[in-house]
Structures are given as structure tokens and as C-alpha cells.
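# Understanding the architecture of this molecule
Take a look at the letters that make up each chain.
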Amino acid sequence: MSTIHDVAEKAGVSIKTVSRVLNGGTEVSLKTRTRIEQAMQALEFSPSAAARMLRGRPTGLVAVIAEKLTTTPDSTEIIKGIQQVCEQLGKVMLIGETGGHPDVARRLVADMRERRVEAILFATPFHRQVTLSAALGGTPTALANCFEAAQHHMQVVPDDEGGGYAAAQMVLQAGHRKIAFLQLISGMVATDLRQRGFHRAMREHGVAPDPAWLIHGAEADDANEFAHLSGAVDRLFASADRPTAILCGNDKMAMRVIFILQRRGLRVPADVSIVGFDDFRLISEALDPGLTTVALPYREIGEISGRYVLAPDADAVRTIKVPCAPVMRGTVGAPATRSKA
């Protein structure tokens, strides 16, 4: 986007002269005015937006700085939530993708502030800690699906602990007591929080989890995330004492576990109940039976963070945890009285 400085340079005049033209001043000669208008046209410069900037009026622009969000399935719902708020409030959303590179994020912040955006939202595809650019200045800022170590801005995150609790509750209430948990990558924020919720639900039902059944089913290898998943499932069913329900770190993992179990001749949910996490509908609704799961509230996170950062009280600092709702479909049933060998 060209700036008033670019117009002034191309037209060979001062910024003040361009400002007079934008504000409808009559003291600029026709020849100079024409030259400035031609420069604006050549640079595809927006006079109305520039005029608002010069007068200190809102530009109507909202920036979203995304970290691998635009290419991550399902979590793009965060963008849709922010976009919905922008449409309701008559704002225009600009998106910058960092690709996970801090230097790109810093450049995007500088560029968005030069465009005089009214607010900046940082969004990540999974719940994690971030460090924001020091160049934000006084621009109202909010975080979607991420948080700061030392909180300075509004942040909206999923209640992953509540989600882990909800996942366990679904199988506990169905009568299961032999429950395995194939978790996400060790050290992830969501992994630790969901495990905490799982243990809370088990305590409330007086069930002691088997430590051998709490396994990390995913690896920190993007190319082969579930390389060891088949071996993990084999360990769960290596003896006569085996789980009747398996909680999975996400829906992709749950789908693979179902396929592995089917190859072993086990039926879902007749022999083993399965619960996923995310409610990634390309998977959860496509499986037969449909996958029982816990929904990550991506769209709500986008809506809440977008509405808050554009609201009059945007200077307040707080954290909002959005509930992760259980979604009961067909992969959870009562525990089998006898498991297949």
C-alpha cells in the first residue's frame, strides 16, 4: 500500500501540499493538483483512507498476524470468527502470515502500524506461549489461541483442562473404568492441561489411572507425527488386562487408532470406545460411526478476541478461557463384558 510520502515524492511536492489536496483545499494550483492526482492514480493510492489517517480518524482496518494459521485445517475458523466481527462492525481485515518466523512477525507489525490499523490480533494454530514484538506501541492488541508469559494484552485461549475433563467424563459416565489416554506431544501446553483435566475426572469417580496406559501417541515430527502410534496401541492390548476406552489427543490420532483396532479385529464401540479431540469435522463427521470428540472453540476464540480488541474497554487486561464442549456421536458405548483376544 502506497503512502502519502510516496505520492509527494512522485508528484515532486511536499507532504503538506498533498494533505491540502486530500482535505479539499483550494489554495493549490490546478497544475499541481493534477500532478498529485495523477501520482495517486499511478500508485493506486486511496485518498479516503489517507485523509482519515491525516485527520486522526479511524481507518477501519484490523490486522491479524497469523502463525501458520492460514494453512492449518480447522483452526482457520479463528480467522472466520474475527472476520465475522469485522463485518458486523464495518471493519476491513488484513492478514499477514509469519510462517512461524519472529523476524517476519516484527516486519508485519511495523507494516500494519504504518497503515494505521485500529487493532492487531495475534493468532496461532495451537494453544501456546508467544513473545510479542516490542514495536506494538499503543495499538490495541489481543491474542487468539495463545498467551504471553507476562501478560500485557487481552488473551483468549481454549479451556484445555476442561476439555480433558469432558473427554474423560464421557467414557466414565458410560461405565468405563479401564481407560487409556494417548496424548499429544510431551511439553505442549494443551497436553499438560488436558492431562490435568483427565486426572481430575478420574479422581472424582474414584478411578486410579494405569500409568502404563498414559502414552504420548504423537511425536514432534511434522512429517511422521504418528510414527509410533501402532506400537503404542499394541502395548495397550499386549495382555488380557486391556483398556475398554481410549482417549486420543486429536481427531487424526483417533481415526488412526480406529483403523489399527479394526486390523486387530476389534470393533468400535462394541469392543473399545474411542474419544477424539478438536471436532475436525472432515474426520469426525466422515467416520462411521461418527467420532465422539471434544470441540476446540476456534470460531468463538476468534469472535471474542476480535470483539474485545475493538470494544471501548480494550485497555483492560485479562484472560478468557473458552469452554471445549463434548460432542457425543457413535464411538462411545458401554464397556464390553468380554474383550476379543
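Structure: see above.
Residues numbered from 1 in each chain as written. Predicted model: local features only at pLDDT ≥ 70, side-chain atom pairs only at ≥ 80, totals over all residues. Heavy atoms only, no water.

## Focus: the sheet that holds strand E5 (residues 154-158)
What counts is decided by this rule: By the convention used here, strands pair only if DSSP detects at least 2 bridges between them. Here a helix means four or more residues in a row that DSSP labels H or I, a strand means two or more in a row labelled E, and each is numbered from the N terminus. Comment: axis = line fitted to C-alpha atoms, over the contacting stretch for helices; angle = value between 0 and 180 degrees taken between N-to-C directions. Note on contacts: a residue pair qualifies if any of its non-hydrogen atoms lie within 4.5 Å across the two residues.
Taken together, the six strands give an open sheet; going across it, the order is E2-E1-E3-E4-E5-E11, and neighbouring strands pair in parallel fashion. In the strand order of this sheet, the two ends are held by strand E2 (92-97) and strand E11 (319-322), each with one partner. If you compare each strand with its neighbour and ignore which way they point, the axes differ by 20 degrees on average. Of the strand pairs in this sheet, strand E1 (residues 61-66) and strand E3 (residues 119-129) are connected by five bridges, and their pairing is parallel. Bridge pairing in E3 links Val64 to Leu121. In this fold helix H5 (residues 77-89) packs onto E1, E2, E3 and strand E4 (141-147), with an angle of close to 155 degrees to the strand it touches most, E2.

## Re the packing of H5 against helix H12 (residues 298-309)
Just so we agree on the cut-off: Should an angle lie under 35 degrees it is considered roughly parallel, over 145 roughly antiparallel, and from 65 to 115 roughly perpendicular; all remaining angles are considered oblique. Throughout, a crossing is termed right-handed when the near helix is turned clockwise from the far one, and left-handed when it is turned anticlockwise from it by less than a right angle.
Interhelical geometry of H5 versus H12 gives an angle of 40 degrees and a closest axis separation of 6 Å. Comparing the axis directions of H5 and H12 gives the class oblique. In the crossing of H5 with H12, the sense of the turn from one axis to the other is right-handed. Along its contact with H5, which presents Glu77, Ile78, Lys80, Gly81, Ile82, Gln84, Val85 and Gln88, the element H12 presents Tyr298, Arg299, Gly302, Glu303, Ser305, Gly306 and Arg307.

## Focus on the sheet that holds strand E7 (residues 214-216)
The strand order E7-E6-E8-E9 describes an open sheet built from four strands, whose pairing is parallel. Where the open sheet ends on each side, the last strands, each with one partner, are E7 and strand E9 (273-275). For this sheet, the mean angle separating the axes of adjacent strands, direction not counted, is 20 degrees. Summarising the sheet, strand E6 (residues 179-183) and E7 pair through three bridges and their orientation is parallel. Bridged to Leu182 within E7 is Ile215.

## Observations concerning empty space enclosed by the protein
Rolling a probe over the atoms, with the probe sized like a water molecule, indicates the empty space that remains. For the record, the criterion: Cavity: a set of points on a 1 Å grid over the protein atoms alone where a 1.4 Å probe fits but cannot get out. Pocket: an open set with protein on both sides within 12 Å along at least five of seven lines, its lining residues, like those of a cavity, having an atom within 4 Å of a point. Grid points are joined across faces, edges and corners, and a volume is the space filled by probe spheres set on the points. Three classes are used: nonpolar for Ala, Val, Leu, Ile, Met, Phe, Trp, Tyr, Cys and Pro, charged for Asp, Glu, Lys and Arg, and polar for all others, with Gly counted as polar.
Summed over the entire model, instances satisfying the criterion amount to one cavity of 30 Å³ or more. Around the largest cavity sit Gly164, Ala167, Phe181, Arg194, Leu247, Cys248, Gly249 and Phe277, which together line it. Contributions of two or more residues to the lining of the largest cavity are made by helix H7 (160-173) and strand E8 (245-248). Residue composition of the lining of the largest cavity, by class: five nonpolar, two polar and one charged.

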